[in-house]
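# Remarks on the overall topology
Below, each chain spelled out in residue letters.
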Amino acid sequence: MKTAWTAATVAAVVAFCASCAPAAARLELVKGNISFSRGGHAEAAAAYIKALKDPGAAPYASYALGNVYFAMGQNEAALGRYAEAEKNAPKNRELVY
């Protein structure tokens, strides 16, 4: 049941983002968020690293990757990712607080 819900959620996001450019990076963010919420830190990190390639998604991916590193106890790497997110989106209140 949970797998069906996840598949439906991902399908809905893909359909919504189909008109967005580039949808692939946003899909990677969603995949990363789902993996992270399930404790799949390695899978989440891989998805966020793919999302870093898109300048529009990069600040969010950097921040999320920082969260993964922090959860894994890699505090210096986490701080570096948070700084990168702030550098790429200095006025984004969602990322900088």
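In the block above lies the structure referred to throughout.
Okay, so let's go over this structure. (Residues numbered from 1 in each chain as written. Predicted model: local features only at pLDDT ≥ 70, side-chain atom pairs only at ≥ 80, totals over all residues. Heavy atoms only, no water.)

### Notes on the overall build of the chain
Just so we agree on the cut-off: Here a helix means four or more residues in a row that DSSP labels H or I, a strand means two or more in a row labelled E, and each is numbered from the N terminus. To sort residues, take the accessible area from a 1.4 Å probe on protein chains only and compare it with the maximum for the residue type: under 20% means buried, over 50% means exposed, and anything in between is partly exposed. Any pair of residues with heavy atoms lying within 4.5 Å of one another is described as a contacting pair.
Along the backbone of the chain there are five helices and zero strands. Going from the N terminus to the C terminus, the chain shows its helices and strands as α-α-α-α-α. A burial count over the chain gives 32% of its 97 residues as buried. A fraction of 34% describes how many contacts in the chain between residues 6 or more apart in sequence connect residues 24 or more apart.

### Some words on the side chain of E28
Looking at the secondary structure, you find E28 in helix α2 (residues 23-37). The class for E28 is buried, based on a relative accessible area of 12%. When neighbours within four sequence positions are excluded, E28 is seen to be in contact with A47, K50 and A51.

### Structural notes on the nonpolar core
Quick note on the threshold: Throughout this description, the term nonpolar core refers to a set of buried Ala, Val, Leu, Ile, Met, Phe, Trp, Tyr and Cys residues connected via side-chain atoms within 4.5 Å.
Judged by nonpolar contacts, the single largest core of 13 residues is most densely connected at L29, Y48, L65 and V68. For this core, the secondary-structure elements that each account for two or more residues are α2, α3 (41-51) and α4 (58-71). Per-element accounting of this core gives the leading share, five residues, to α4. Once residues lying within four places of it in the same chain are set aside, the contact partners of Y48 are L29, G32, N33, F36, A61, A64, L65 and V68.

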